[in-house]
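# Reading the structure
Letter by letter, the chains look like this.
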Amino acid sequence: MNKKTIEALETILARIKKIDMELLKEENLTDIKLLTELNKERANLDETATKYEHYKKILGEMNEAKEMLETEKDPEMRELAKAQYEESQAQIPSLEDEIEIMLLPKDPNDDKNVIFEIRGAAGGDEANIFAGDLFRMYLKYAEKNGWKIDVLDQYESTVGGFSQISFVVKGDKVYSKMKFESGSHRVQRVPKTESKGRIQTSTATVAVLPEVSEVEVEIKATDLRIDTYRSSGAGGQHVNTTDSAVRILHIPTGAVAASQDGRSQHDNKEKAMTMLRAKIYEAELKKQQSEADSMRKSAVGTGARSEKIRTYNYAQNRVTDHRINLTLNKLDQVMEGNIEEIIIELINNEQKELIAHQIESNS
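Cut-offs applied
- Residues numbered from 1 in each chain as written.
- Predicted model: local features only at pLDDT ≥ 70, side-chain atom pairs only at ≥ 80, totals over all residues.
- Heavy atoms only, no water.
- Helix = DSSP H or I, 4+ residues; strand = E, 2+ residues; numbered from the N terminus.
- Buried < 20%, exposed > 50% of the residue type's maximum accessible area, 1.4 Å probe, protein only.
- Contact = heavy atoms within 4.5 Å.
- Areas by Shrake-Rupley, 256 points an atom, 1.4 Å probe, with all protein chains shown as cover.
- Core = buried A, V, L, I, M, F, W, Y, C linked by side-chain atoms within 4.5 Å.
- Salt bridge = Lys/Arg side-chain N within 4 Å of Asp/Glu carboxyl O.
- Pairing = 2+ DSSP bridges.
- Axes fitted to C-alpha atoms, helices over the stretch in contact; angles between N-to-C directions.
- Phe/Tyr/Trp six-rings, centres within 6.5 Å; stacked < 30°, edge-to-face > 60°.
- Lys NZ or Arg CZ within 6 Å of the ring centre and 35° of its normal.
- pLDDT = per-residue confidence, 0-100.
- Parallel < 35°, antiparallel > 145°, perpendicular 65-115°, else oblique.
- Left-handed = near helix turned anticlockwise from the far one by under 90°.
- Nonpolar A, V, L, I, M, F, W, Y, C, P; charged D, E, K, R; others polar.

Glancing now at the overall build of the protein. Helices and strands together make up the secondary structure of the protein, namely eight helices and eleven strands. Burial analysis of the protein (363 residues in total) assigns 40% to the buried set. The contacts of the protein with a sequence gap of at least 6 include a subset with a gap of at least 24, amounting to 62%. Total accessible area on the protein is roughly 20500 Å²; 49% of this is exposed by carbon and sulfur atoms.

For the rest of this paragraph, the subject is the nonpolar core. For soluble globular proteins, the rule of thumb is that nonpolar side chains tend to be buried together. By size, the foremost hydrophobic cluster in this structure holds 37 residues, and its most contacted members are Phe-116, Ile-118, Leu-134, Tyr-138, Phe-167, Met-178 and Tyr-312. Those residues in contact with Met-178, other than ones at most four positions away along the chain, are Val-114, Phe-116, Tyr-138, Tyr-141, Trp-147, Val-208 and Ile-339. Core analysis: the next-biggest nonpolar cluster, separate from the first, contains 20 residues, Ile-248, Ala-272, Met-273 and Tyr-281 among them.

This brings us to the pattern of salt bridges. Tallied over the entire structure, the rule returns 23 salt bridges. Between Lys-56 and Glu-10 there is a salt bridge, with its nearest N and O atoms 3.5 Å apart. Linking Lys-56 in helix α2 (residues 32-71) with Glu-10 in helix α1 (residues 3-24), this pair joins segments that are 46 residues apart in sequence. Of the charged contacts in the structure, one is a salt bridge between Asp-150 and Lys-271, with a shortest N-O distance of 3.3 Å. One end of the pair, Asp-150, is in strand β2 (residues 148-156); the other, Lys-271, is in helix α6 (residues 265-288), with 121 residues separating them in the sequence.

On to the sheet that holds strand β8 (residues 255-259), then. Spatially, three strands are ordered β6-β7-β8 in an open sheet, and the strand pairing comes out antiparallel. The open sheet has two edge strands, β6 (224-229) and β8, and neither has a second partner. Between one strand axis and the next, the sheet turns through 15 degrees on average, direction left out of account. Where β6 meets strand β7 (residues 245-250), six bridges bridge the pair, whose relative direction is antiparallel. Along β7, the bridge assignment pairs Tyr-229 with Ala-245.

Following the criterion strictly, the structure yields seven aromatic pairs and no others. On the numbers, 5.7 Å between centres and 85 degrees between planes, the contact of Phe-135 with Phe-162 is edge-to-face. Of this pair, Phe-135 sits in helix α4 (residues 125-145) while Phe-162 sits in strand β3 (residues 162-170); the two residues are 27 residues apart in sequence, bridging distant segments of the chain. Here Phe-135 falls in the buried class, since its relative accessible area comes to 12%. Their ring planes at 85 degrees and their centres at 5.7 Å tell us that Tyr-141 and Trp-147 sit as a pair that is edge-to-face. Ring pairing ties together the aromatic residues Phe-116, Phe-135, Tyr-138, Phe-162 and Phe-167, which thus form one cluster. Over the ring of Tyr-314 we find Arg-189, and its NZ or CZ is 4.7 Å from the ring centre.

So, about unusual backbone geometry. Peptide bonds are mostly trans, and most non-glycine residues show a negative phi. Positive phi, normally seen in glycine, also occurs at Asn-317, with a value near 50 degrees. Structurally, Asn-317 can be placed in the loop between β9 (310-313) and β10 (318-321). Phi is positive for Asn-325, which is not a glycine, with a value near 55 degrees. Here Asn-325 shows up in the loop between β10 and β11 (326-328). Note on Asn-325: relative accessible area 70%, which makes it exposed.

For the rest of this paragraph, the subject is the environment of Ala-131. Structurally, Ala-131 can be placed in helix α4. Sequence separation between Ala-131 and Arg-119 is twelve residues, and the spatial gap between their C-alpha atoms is 6.1 Å.

Once that is clear, we can look at the confidence of the model for the protein. Scored by pLDDT, the protein comes out at a mean of 83, with 87% of its residues at no less than 70. A low-confidence stretch, residues 234-239 (pLDDT under 50), is modelled with eleven contacts involving residues beyond four sequence positions or located in other chains. Note that residues 290-306 has pLDDT below 50 and, in this model, 38 contacts with residues that lie over four places away or in other chains.

Moving on, we get to the packing of α1 against α2. Interaxial distance between α1 and α2 falls to 9 Å at its minimum, and their mutual angle equals 135 degrees. Taken together, α1 and α2 sit at an angle that is classed as oblique. For the pair α1 and α2, the sense of crossing is left-handed. Where α1 approaches α2, its residues Ile-6, Leu-9, Glu-10, Ile-12, Leu-13, Arg-15, Ile-16, Ile-19, Asp-20, Glu-22 and Leu-23 are matched on the opposing element by Leu-35, Leu-38, Asn-39, Glu-41, Arg-42, Leu-45, Asp-46, Thr-48, Ala-49, Tyr-52, Glu-53 and Lys-56. A breakdown of the residues in the contact of α1 with α2 according to their chemical character gives twelve nonpolar, two polar and nine charged.

As structure tokens, this is what we get:
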């Protein structure tokens, strides 16, 4: 482990000691906000600190065993020392790898809930049907993780699926896994309406945004234009007779959000505001960050067939993630929400890129 890494780890240990002292100070005991912040910071550092302390313990045992091998004359003691040295030495590389990953810059949004927007793009009716299939896939994946889904807005297609659907996924560290789903998803299959059995290529776009609070994004009421209208079902048929659906325009940025699936106009307004905050937050991040290291490197784009992050080939039961050149011949399982293998590979790839960038920065 290099000198800079050791220094960073020792700084973490020192910071934890300082936090513990601050938590014990009598003048801080009534400051709930400060105590919350300190406890949160300590919790974020604790896992890395514990791993580093364990690493130092194993390293110490290895050095003690090495010293014993160099000085001990008794054959039995030397055999014990050799076994201890080899056991400790074998643990060091994996511990160093784990610590390196723990020290990588954390995405501040990883702990947040997410807002999905899925739209049928190129391919007409088939694209809308595929948008529905993707929604079902994410719904099943959310169920497997114990997450909750709340639909914000949906426009059903007359042939099935959705021309657009937006929803919130709530749970533990949702964004850390789902952020990789942003982009254009391509499907290759024979549509139900195709009588000659020809394979069609269609796309649906997916946008994944971190859910943000009112504190994180301040929106002035004077900057909003709020319109109400009647909720409608598939084909534009009205499903109620009151103007409960809400569409909100944020005039300074042009961001628009709508909701018609709530129980009331008030409920729909809250849901639309949740979506609007996420859109404004993302727009601000894009403005602050360069294209190379922005929160969402590959934008959703226009939905053209050439802009793809993943291809779902039904004829060959194959799914391919083009960003990491991963191909799995179990599309049937993937569409049932079994996407964990793909997500893990995407996380591993991101970590490798961050480590490479860190090494380059330190060299």
